[in-house]
Amino acid sequence: SSGINAEYGILLQFFRDLYRFTKCSNEPCEFMFRTRKSTLIKKLLSLQESSAKNTFDPTSQGQAKVFLKDIGEVEVLQLLLTVLKEGALGTTCIVVNSRDKHLTACKLWRWPLYRTMPTLKRVPICNDRCENTECLNPYHYFLTMSHSPSKTIRLDSSPASLPITRDLSDSGICIDMCSDTFNTEEGDNGGTWCNVAYWEHNQRIGALHCVNDPIVAIANHIQHTGLDLAKIANDDVSRDEVTARVRKHIGSGILVSLEEDGIWLYNRSEISIFVQSPTMSSGDKSRPQVHKVLPGYALNSYHFAQHSTVSRTARTIRLSFEKGWGPGYRRQYITDAPCWLELLLSIR
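Calculation notes
Chains are numbered independently. Their residues run from 1 in the order of the written sequence. In view of the model being predicted, local features appear only for residues whose pLDDT reaches at least 70, and side-chain atom pairs are presented and counted only at 80 or more, with totals across whole chains, interfaces and linings using the full set of residues. Remark: hydrogens and water are excluded; side-chain values derive from all non-hydrogen atoms of the structure. Confidence of the predictor at the level of single residues is captured by pLDDT, which takes values from 0 to 100. Runs of H or I in DSSP of at least four residues are treated as helices and runs of E of at least two as strands, each being numbered from the N terminus. Any two residues whose heavy atoms approach within 4.5 Å at even a single point are treated as in contact. Three labels apply to residues, based on accessible area from a 1.4 Å probe with only protein chains included: buried if under 20% of the type maximum, exposed if over 50%, partly exposed otherwise in between. In the sections that follow, a salt bridge refers to a side-chain nitrogen of Lys or Arg positioned within 4 Å of a carboxyl oxygen of Asp or Glu. The set of buried Ala, Val, Leu, Ile, Met, Phe, Trp, Tyr and Cys residues whose side-chain atoms join them within 4.5 Å is what this entry labels a nonpolar core. Each pair of strands is called paired provided DSSP finds at least two bridges between the two strands. Working convention: axes come from line fits to C-alpha atoms, limited for helices to the stretch in contact. Angles between N-to-C directions cover 0 to 180 degrees. The labels follow the angle: roughly parallel below 35 degrees, roughly antiparallel above 145, roughly perpendicular from 65 to 115, and oblique for the rest. In this scheme, a crossing is called left-handed if the near helix is turned counterclockwise away from the far one by less than a right angle; it is called right-handed if the turn is clockwise. Geometry of aromatic contacts follows a simple scheme: Phe, Tyr and Trp rings, the Trp one being its six-membered ring, pair when their centres are within 6.5 Å, and the pair is stacked under 30 degrees between planes, edge-to-face over 60, tilted otherwise. Definition used: whenever NZ (Lys) or CZ (Arg) falls within 6 Å of the ring centre and also within 35 degrees of the ring normal, the charge is taken to sit over that ring.

Comments concerning the confidence of the model for the protein chain
Turning to step 1, where the next piece is worked out: Of the residues in the protein chain, 71% have a pLDDT of 70 or more, and the chain-wide mean is 78.
Turning to step 2, where the next piece is worked out: Ranking the elements of the protein chain by mean pLDDT puts strand β6 (residues 173-181) last with 32 and strand β17 (residues 340-345) first with 98.
Turning to step 3, where the next piece is worked out: Contacts of residues 147-189 to residues separated by more than four positions or lying in other chains number 106 contacts, the stretch itself having pLDDT below 50.

Structural data, given as structure tokens:
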């Protein structure tokens, strides 16, 4: 809330200054904007220093000053609001006429530890698609984990209503969800391609969330469309301390995106997520590996190049927040995880 209050305070003061200056001063407007931009730059520089913490490199301040002076005041203000909101869903694109500045923005305000930025993946919600422009919003980019060659497949648009029963072979229990169904009837956006179930240990919380759009946000307190975990808190559930803490840490959560080469997960939270998928296993196919995805990373969690080798009943992605499970972890089964998701796929 402190970040949001600071954001509104900056905006309010900005427009107050603009009104007062244009009404009461004979000075050129450029002077006021130059003064205002300097104030915004100082705030961004202080945020850049605090984000780096003990790894702060004083020489980066010079780089940041050059970077900020080279873009317009509106873009500086947009960048400041984005950094204050820590990339909360809905932060706007910051479009400039260049092709290489986004790497600098990401290094200065998101990943200060990198001397040179690795290859980044732009999140699909970013609207900048022009050839000669780029988006400077550092939270519209993610570091990527390795993935397989791409293969394009299409949504399953054939009418069907299938009972959902998933055998969690790694936990030795059968979770029956026959009261819910996949609805793959074709809709405005090509039909339901995924249903999301939220679990706490071995208890499912809330109803299935049908996904029709190519991308869905799963987080706490979503202001836009998506699965808002805060709204399905289910106060009747008795939660242990660990579960309550993990729920709180989910924060901005994840984005699940249907793309040409697979289903990508973008970790927007400040905690790691742990992902299990039938297309990311090596060795024992009956118990796929669990992959750790750090904050700020994106992972192709379901490779379409391997889709044909996965049976229809096994087309499920499971992921837990903050706590891993399986070999090498204290929690052996997904049902031991305090908060986890099941993505039930309906793709052809």
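Description of helix α5 (residues 101-109)
Turning to step 1, where the next piece is worked out: A large share of α5 lies buried, amounting to eight of its nine residues.
Turning to step 2, where the next piece is worked out: Those residues of α5 not exposed but buried are K101, H102, T104, A105, C106, K107, L108 and W109.

Observations regarding the pattern of salt bridges
Turning to step 1, where the next piece is worked out: This model, assessed by the stated rule, comprises five salt bridges.
Turning to step 2, where the next piece is worked out: Among the ionic pairs, E259 bridges to K121, the shortest N-O distance being 2.9 Å. Within this pair, whereas E259 is found in strand β11 (residues 254-259), its partner K121 is found in strand β2 (residues 120-122), the two being separated by 138 residues in sequence. Here the two residues E259 and K121 agree in accessibility, since each one is buried.
Turning to step 3, where the next piece is worked out: The salt bridge involving E200 is made with R239; its shortest N-O contact spans 2.7 Å. Pair noted here: E200 is in strand β7 (residues 194-200) and R239 is in the loop between β10 (227-228) and α6 (241-250), with a separation of 39 residues, a long-range link.

Looking at the nonpolar core
Turning to step 1, where the next piece is worked out: Formed by 53 residues in total, the largest nonpolar core has its most connected members in F321 and L343.
Turning to step 2, where the next piece is worked out: Among all residues touching L343, those that are not within four sequence positions of it are C194, N195, V196, I218, V256, L265, R315, T316, I317 and L319.

What about the environment of I273?
Turning to step 1, where the next piece is worked out: Positionally, I273 belongs in strand β13 (residues 273-276).
Turning to step 2, where the next piece is worked out: In sequence terms I273 and I254 are 19 residues apart; their C-alpha atoms lie 9.0 Å from each other.

A word on the pairing of β17
Turning to step 1, where the next piece is worked out: For β17, a buried count of six out of six residues is recorded, marking the element as mostly surrounded by other parts of the structure.
Turning to step 2, where the next piece is worked out: Burial along β17 is two-sided: the face carrying W340, E342 and L344 and the face carrying L341, L343 and L345 are both buried.
Turning to step 3, where the next piece is worked out: Relative to β17, β7 runs antiparallel, the two sharing six bridges. Its bridge partner lying in β17, W199 is registered against W340.

Digging into the packing of helix α3 (residues 59-69) against α5
Turning to step 1, where the next piece is worked out: It is the contact of α3 with α5, at a shortest axis distance of 11 Å, that shows an interaxial angle of 135°. Regarding the angle of α3 to α5, the classification is oblique. The way α3 lies across α5 gives a crossing that is left-handed. Judged by residue contacts, S60, Q63, A64, F67 and L68 of α3 engage K101, T104, A105, K107, L108 and W109 from α5.

Details of the environment of I94
Turning to step 1, where the next piece is worked out: Counting through the fold element by element, I94 comes out in the loop between α4 (73-84) and β1 (95-96).
Turning to step 2, where the next piece is worked out: Distance from I94 to V76, taken between C-alpha atoms, is 8.9 Å for residues 18 residues apart in sequence.
Turning to step 3, where the next piece is worked out: Excluding residues that lie within four positions of it along the chain, I94 makes contacts with E75, Q78, L79, T82, E134, C135, L136 and N137.

A look at the sheet that holds strand β14 (residues 290-293)
Turning to step 1, where the next piece is worked out: Spatially, β8-β7-β17-β16-β13-β14 is the arrangement adopted by the six strands of the open sheet, whose pairing is antiparallel. Both outer strands of the open sheet, β8 (203-211) and β14, are each paired with one neighbouring strand and no more. Along the sheet, successive strands turn relative to each other by an average axial angle of 20°, direction set aside.
Turning to step 2, where the next piece is worked out: Bridge count for β13 against strand β16 (residues 316-321) is four bridges, and the pairing is antiparallel. Looking at the pairing, Q276 lines up with R318 of β16.

Quick look at the sheet that holds β2
Turning to step 1, where the next piece is worked out: One open sheet accounts for seven strands, arranged β2-β4-β15-β12-β11-β9-β10; its pairing is mixed. Whereas interior strands pair on both sides, the edge strands pair on one side only; in this sheet they are β2 and β10.
Turning to step 2, where the next piece is worked out: Bridge count for strand β9 (residues 215-219) against β11 is four bridges, and the pairing is antiparallel. Its bridge partner lying in β11, I215 is registered against S257.

Observations regarding the packing of aromatic side chains
The geometry of an aromatic ring pair is captured by the separation of the ring centres together with the interplanar angle, meaning the angle of the planes.
Turning to step 1, where the next piece is worked out: With the rule as written, the count across this model stands at six aromatic pairs.
Turning to step 2, where the next piece is worked out: Relative to F304, the ring of Y302 lies with its centre 6.2 Å away and its plane at 70°, an arrangement referred to as edge-to-face. The same class applies to Y302 and to F304, which are both buried.
Turning to step 3, where the next piece is worked out: Cluster of aromatic residues (ring-pair linked, three or more members): F142, W264 and Y266.
Turning to step 4, where the next piece is worked out: Sitting over the ring of F142, R110 keeps its end group 4.8 Å from the ring centre.
Turning to step 5, where the next piece is worked out: A cation sits over an aromatic face here: K121 above W264, 4.3 Å from the ring centre.

Quick look at the pairing of strand β12 (residues 262-267)
Turning to step 1, where the next piece is worked out: Most of β12 is tucked away, with six of its six residues classed as buried.
Turning to step 2, where the next piece is worked out: In textbook terms, the turn of a hairpin is the stretch between consecutive antiparallel strands, and for β11 and β12 this stretch comprises two residues.
Turning to step 3, where the next piece is worked out: Bridging between β12 and strand β15 (residues 297-303) involves five bridges; their strand directions are antiparallel. Looking across to β15, one finds that I263 is bridged to Y302.

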